[in-house]
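Structure at a glance
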Amino acid sequence: MWWPAFLLALPLAHAASIPAAHDHNDESHHVNKRLPKSWSLDADHPAQAMYKRAPGDGTDYPAVGSPTWSAAWPQSSPDVNQLPKQWVDALNDAVAAGKIPNIPQSHNTPGTNPIYPPGVNPNGPEVCSATYKCRIEGDVWDAPDGTFATAFDDGPTPVCTMCSLCLLIAIVLISARLQYTPTLLKFLEDNEETATHFMIGVNILQNPQLFLDTFNSGGDIAVHTWTHPYMTTLSNLEIVAQLGWTAEIIRNSTGGRVPRYWRPPFGDSDVRVRSIALEVFGLETVIWNMETSDWGLATGLTTPEKIHDSFVHWLAGPKSPGMMVLEHETSAQSVAAFMAAYPLIKPAGWKVDSLAALIGDSTYQNSKDGSSPVKFDGILANGADNTPPASLTSASSAPASQANSVPAASQTSQTGTRSQTPSPTTEGQHASQTSNSASSRGAHLLVALCTSALVAAISTVS
Ligand SMILES: *[C@@H]1O[C@H](CO)[C@@H](O)[C@H](O)[C@H]1NC(C)=O
Ligand SMILES: [Zn+2]
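Residues numbered from 1 in each chain as written. Chains lettered and ligands numbered in written order. Predicted model: local features only at pLDDT ≥ 70, side-chain atom pairs only at ≥ 80, totals over all residues.

Side note on the overall build of the protein chain
- Along the protein chain, the regular secondary structure elements total 15 helices and 8 strands.
- Across the 462 residues of the protein chain, 52% fall into the buried class.
- The contacts of the protein chain with a sequence gap of at least 6 include a subset with a gap of at least 24, amounting to 79%. (Helix = DSSP H or I, 4+ residues; strand = E, 2+ residues; numbered from the N terminus. Buried ≥ 20, exposed ≤ 12 C-beta atoms within 10 Å, placed from the backbone. Contact = placed C-beta atoms within 7 Å.)

Brief notes about the pairing of strand β7 (residues 323-326)
- Side-chain alternation along β7 places Met-323 and Val-325 on one buried face and Met-324 and Leu-326 on a second face that is also buried.
- Strand direction decides the pairing type here: strand β1 (residues 147-155) and β7, joined by 2 bridges, are parallel. Within the sheet, the bridge partner assigned to Ala-149 lies in β7 and is Met-324.
- Judged from the 2 bridges that link them, strand β6 (residues 290-291) and β7 form a sheet pairing that is parallel. Note on β7: the bridge partner recorded for Met-290 is Val-325.
- For the handedness criterion, the β-α-β arrangement of β6, helix α10 (residues 304-315) and β7 is classed as right-handed. (Pairing = 2+ DSSP bridges. Right-handed = clockwise from strand over helix to strand, strands pointing away.)

Some remarks on unusual backbone geometry
- Gly-155 connects to Pro-156 through a cis peptide bond whose omega is -5°.
- The residue Pro-156 is located in the loop between β1 and α4 (166-174) in this model.
- Of note, the bond from Ser-320 into Pro-321 is cis; its omega dihedral lies within 30 degrees of zero at -5°.
- Inspection of the secondary structure assignment puts Pro-321 in the loop between α10 and β7.
- Backbone geometry places Asp-154, a non-glycine residue, at a positive phi of 80°.
- Inspection of the secondary structure assignment puts Asp-154 in strand β1.

A look at the packing of helix α5 (residues 181-190) against helix α7 (residues 208-216)
- It is the contact of α5 with α7, at a shortest axis distance of 10 Å, that shows an interaxial angle of 15°. In terms of orientation, α5 lies roughly parallel with respect to α7. In the packing of α5 onto α7, the handedness of the crossing is left-handed. For the pair formed by α5 and α7, the contact residues are Thr-181, Pro-182 and Leu-185 on the first element and Leu-210, Asp-213 and Thr-214 on the second. (Axes fitted to C-alpha atoms, helices over the stretch in contact; angles between N-to-C directions. Parallel < 35°, antiparallel > 145°, perpendicular 65-115°, else oblique. Left-handed = near helix turned anticlockwise from the far one by under 90°.)

Overview of the environment of Glu-329
- With respect to the helices and strands, Glu-329 occurs in the loop between β7 and α11 (332-345).
- Looking at Glu-329, the number of C-beta atoms within 10 Å reads 31, which means it is buried.
- Between the C-alpha atoms of Glu-329 and Pro-156, which are 173 residues apart in sequence, the distance is 7.4 Å.
- Excluding its chain neighbours within four sequence positions, the residues that come into contact with Glu-329 are Phe-152, Asp-154, Gly-155, Thr-157, Tyr-180, Thr-181, Leu-184, Ser-334 and Val-335.

What to know about the nonpolar core
- Judged by nonpolar contacts, the single largest core of 79 residues is most densely connected at Ala-149, Leu-243, Leu-283 and Met-324.
- At 8 residues, helix α8 (residues 236-252) tops the list of elements feeding residues into this core.
- Setting aside its immediate chain neighbours within four residues, Ala-149 contacts Ala-143, Gly-322, Met-323, Met-324, Leu-355, Leu-358 and Ile-359.
- Membership of the second largest hydrophobic core comes to 6 residues, among which are Tyr-116, Val-127, Cys-128 and Ile-136. (Core = buried A, V, L, I, M, F, W, Y, C linked by C-beta atoms within 7 Å.)

Some remarks on the environment of Met-323
- Here Met-323 is to be found in strand β7.
- C-alpha separation for the pair Met-323 and Leu-355, spaced 32 residues apart in sequence, amounts to 9.8 Å.
- With sequence-adjacent residues up to four places away left out, Met-323 is seen in contact with Ala-143, Phe-148, Ala-149, Met-290, Trp-314 and Trp-350.

Comments concerning the environment of Cys-128
- Tracing the chain through its elements places Cys-128 in the loop between α3 (85-96) and β1.
- Note: C-alpha distance between Cys-128 and Val-271 (143 residues apart in sequence) is 6.1 Å.

Some remarks on the pairing of strand β2 (residues 196-199)
- Because side chains alternate across β2, one face comprises the buried residues Thr-196 and Phe-198, and the other comprises His-197 and Met-199, equally buried.
- As defined by bridge partners, β2 adjoins strand β3 (residues 220-223) across 4 bridges and the pair is classed as parallel. Bridge assignment links Thr-196 to a residue of β3, and that residue is Asp-220.

Some details on α11
- With 14 residues, α11 should reach 20 Å at 1.5 Å per residue; the first-to-last C-alpha distance of 20 Å fits that figure.
- For α11, the full list of buried residues reads Gln-333, Ser-334, Val-335, Ala-337, Phe-338, Ala-341 and Ile-345.
- On its buried face, α11 sits against β1, α5, α10 and β8 (351-354). (Expected span 1.5 Å × (residues − 1).)

Points about α5
- Buried residues of α5: Thr-181, Pro-182, Leu-184, Leu-185 and Leu-188, and no others. Projection of α5 onto a plane perpendicular to its axis shows the buried side chains occupying an angular sector of 160°, all on one side.
- Looking at the buried side of α5, the elements it contacts are β1, α7 and α11. (Arc of directions from axis to C-beta.)

Have a look at this one:
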């Protein structure tokens, strides 16, 4: 019978797509660096002009999830020939000003760590690759002493994001592990916690309602690139595209909030990448100092028990620096690993908060958090509470009520065909190139297939 064979083949197929090496275990806790308290870019920095005005500016923003909204964004890897002129100008200005180090791009084959050309030292100050655990001054690796920084990568993810085959949906449904981001959000809400969500642009595009749910539940939204590439392997313009579109979809879908933090996929950044993030978009780089390898749960690379043991060990360890753990909202198992560890954290004497809330004084560059008003649409010169520069105030300050309201997705349904769309998931998997514009006939066929697969699966099991 074909069905059991399929069941066996699926995990293997999935395993093949996940790179083996993930070289970021760092339990040593020995480096003590802190982000400066105040925001450091000049108010007249070119990034100020990077985005147009926020709601209240007379612009009609399409409802998140509406066809107009969906059509406005790159559907997969962004085309560097189709970038807004301001971004390219800002990059060129930063390069001309000597602010973007001219170092070679790295190269890699899927699943391997990026390698620089011969003679280039990834640990030298001129490159300082995070993949090689070189820490650039100003980048965030640690939480403040005594704190546990809550954050999740790769969302938002709907039902069974890992299935490129509808059959796996059936398996996931049988396990009653229905959704990842929703499970996580419910758990956080029940425990009165918020987290920072480093989101993938195409996942936002494919899961607009989950994006809104995350934002509306008080989650801090941060950038995790558009399609999840190894950033040091990209050209300057490709880096601009990956960061710019993700920052802009977050901005245009949250009532104008410009994200302040980004996390490089696979933790892969260097002086060139982080400079482009900072100089062009005002984005600060956040890595991590603990890794659960929860992305490897699905393939048996690690187990819930191992992760639990790691947490027990870490939580009993020194409180300086604080814990910044790499965790994912990409599978039932990875979310479950966090939920299992959570009850241990506070009793062990750690303060728990959203990563963004712990490391800085504002989540967004122009708004303190999800519920505070957007003050002006640009980079804050000196932290969220400062008055914006006079030249920007009048044109951009929007009434709080307006700035805070995010239109509900008008036509998105998590139970509809959208949830069948495969999307990028783990750190070890490149973002999907799937287009949103799949014909509805194809989608209906998929639903029909999945329904019969589900029926078949249930009757097989029971
Ligand atoms: C984002 O919003 C601005 C208006 O504030 C608009 O000009 C821009 O086109 C929007 N971006 C996309 C991709 O829709
Ligand atoms: Zn990731």
